[in-house]
Amino acid sequence: MKLFRLFSFVLAFVVTAVTANAQGDYRINPGDILQIEVLEDPGLDRAIAVLPNGQISFPLVGTLRVGGQTISQVQTALARSLSPNFASPPTVFVGVQPFQDEAAIAEARLGPTIDVYFVGEVNNPGLVQVKQGTTLLQAVAVSGGVSRFAAIKRIQLRRTDPRTRTQKVTILNYKALADGAITTDIELKDGDVILVPERRLFE
């Protein structure tokens, strides 16, 4: 079992070395996940998120500042701090999973995005992020469409002026847009709310 664990750590070391080489002199940032493994004590193995202040909390060590440091520097600091608890300095491996900023990833994939909110008789109410320049028809399609109870001839577009904070409500005939009877679609703006009311009896 110990031999197997040693082999696993050798393999982990090779993978970490390859990763570190690929990352170059990567400096650890808040939000990164550190995978820490101590060969001599598997009970210390764990994944730890780097706090906004650049610190981590590790058993037998307490608080340790890792923000701005390389993987090698963190391994050395952990081994040094753990040494008083072992007969000889322990073998510490550290891997890093960089923080993934979902908003940045979406922007890189889609380009600049805006927030649009769907309320009422839609299949997927709530916030939808769409590309800048998206029109009402496109946004409705992306959001999953309207429900069978929707009053599609009087959809409300609610837009708030960012300077005055006053809200303007525009009534839109979604059916006419979808059928092509109205050819001028409306380009949405960040923060727009699309409210789809429930269809009245015989509407």
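Residues numbered from 1 in each chain as written. Predicted model: local features only at pLDDT ≥ 70, side-chain atom pairs only at ≥ 80, totals over all residues. Heavy atoms only, no water.

**A short note on the confidence of the model for the protein chain**
Per-residue confidence for the protein chain gives a mean pLDDT of 83, with 83% of residues at or over 70. Element-level pLDDT for the protein chain is lowest in helix α1 (residues 2–23), with a mean of 46, against a maximum mean of 94 in strand β10 (residues 193–196). Counted against residues more than four places away or in other chains, residues 9–22, with its pLDDT under 50, gives 10 contacts. (pLDDT = per-residue confidence, 0-100. Helix = DSSP H or I, 4+ residues; strand = E, 2+ residues; numbered from the N terminus. Contact = heavy atoms within 4.5 Å.)

**Considering the packing of aromatic side chains**
All chains considered together, the criterion is met by 0 aromatic pairs. Lying across the ring of Phe58, Arg46 places its NZ or CZ 5.9 Å from the centre. (Phe/Tyr/Trp six-rings, centres within 6.5 Å; stacked < 30°, edge-to-face > 60°. Lys NZ or Arg CZ within 6 Å of the ring centre and 35° of its normal.)

**Considerations on unusual backbone geometry**
Of note in this structure, Leu60 is not a glycine but carries a positive phi near 70°. The topology assignment puts Leu60 in the loop between β3 (55–58) and β4 (62–65). The residue Arg165 is not glycine, and still its phi comes out positive at about 65°. Take Arg165: it is sitting in the loop between β8 (155–160) and β9 (167–172). Judged by relative accessible area, which is 60%, Arg165 ranks as exposed. (Buried < 20%, exposed > 50% of the residue type's maximum accessible area, 1.4 Å probe, protein only.)

**Topic: helix α2 (residues 71–82)**
For α2, with 12 residues, the first-to-last C-alpha span of 16 Å sits near the 16 Å given by 1.5 Å per residue. Those residues of α2 not exposed but buried are Ile71, Val74, Gln75, Ala77, Leu78, Ala79 and Leu82. (Expected span 1.5 Å × (residues − 1).)

**Describing helix α4 (residues 136–143)**
Three or more residues of α4 are buried, namely Leu136, Ala139, Val140 and Ser143. An end-on view of α4 places all buried positions within 100° of arc, on one side of the element. Seen from the open side of α4, the exposed residues pointing more than 90 degrees away from its buried face are Ala141 and Val142. Among the structural elements, β6 (113–120), β7 (126–131), β9, α5 (174–179) and β10 are those in contact with the buried residues of α4. (Arc of directions from axis to C-beta.)

**Let's talk about the nonpolar core**
Buried together is how nonpolar side chains tend to be arranged in soluble globular proteins. Ranked by size, the top nonpolar core spans 21 residues in total, and within it Leu34 and Ile36 carry the most contacts. Of all the secondary-structure elements, those providing two or more residues to this core are β1 (33–38), β3, α2 and β5 (92–97). Per-element tally for this core: the top contributor is α2, with 6 residues. Ranked by size, the runner-up nonpolar core spans 18 residues in total, among them Val140, Ile155, Leu157 and Leu172. (Core = buried A, V, L, I, M, F, W, Y, C linked by side-chain atoms within 4.5 Å.)

**Side note on the environment of Arg200**
Summarising the element assignment, Arg200 is placed in the segment after β10. Accessibility expressed as a relative area gives 56% for Arg200, which makes it exposed. It is 7.4 Å that separates the C-alpha atoms of Arg200 and Ala151, two residues lying 49 residues apart in sequence.

**Focus: the environment of Gln132**
Topologically, Gln132 is positioned in the loop between β7 and α4. When the C-alpha positions of Gln132 and Leu188 are compared, they lie 7.9 Å apart, and in sequence the two are 56 residues distant. Beyond its immediate chain neighbours, meaning those up to four positions away, Gln132 contacts Pro112, Thr113 and Ile114.

**Topic: the sheet that holds strand β2 (residues 46–49)**
Strand order in the open sheet made by the 3 strands is β2-β1-β5, with antiparallel pairing throughout. Strands with a single pairing partner mark the edges of an open sheet, and in this sheet they are β2 and β5. The average undirected angle you get between the axes of adjacent strands in this sheet is 25°. Lying on the sheet, α2 is in contact with β1 and β5; it crosses β5 at an angle near 140°. (Pairing = 2+ DSSP bridges. Axes fitted to C-alpha atoms, helices over the stretch in contact; angles between N-to-C directions.)

**With respect to the sheet that holds β6**
The strand order across the open sheet built from 5 strands is β7-β6-β10-β8-β9, with neighbouring strands paired in mixed fashion. The open sheet has two edge strands, β7 and β9, and neither has a second partner. Strand-to-strand twist in this sheet, taken as the mean axis angle between neighbours without regard to direction, amounts to 25°. Bridging between β6 and β7 involves 6 bridges; their strand directions are antiparallel. Pairing of Phe118 across the sheet is with Gly126, part of β7.

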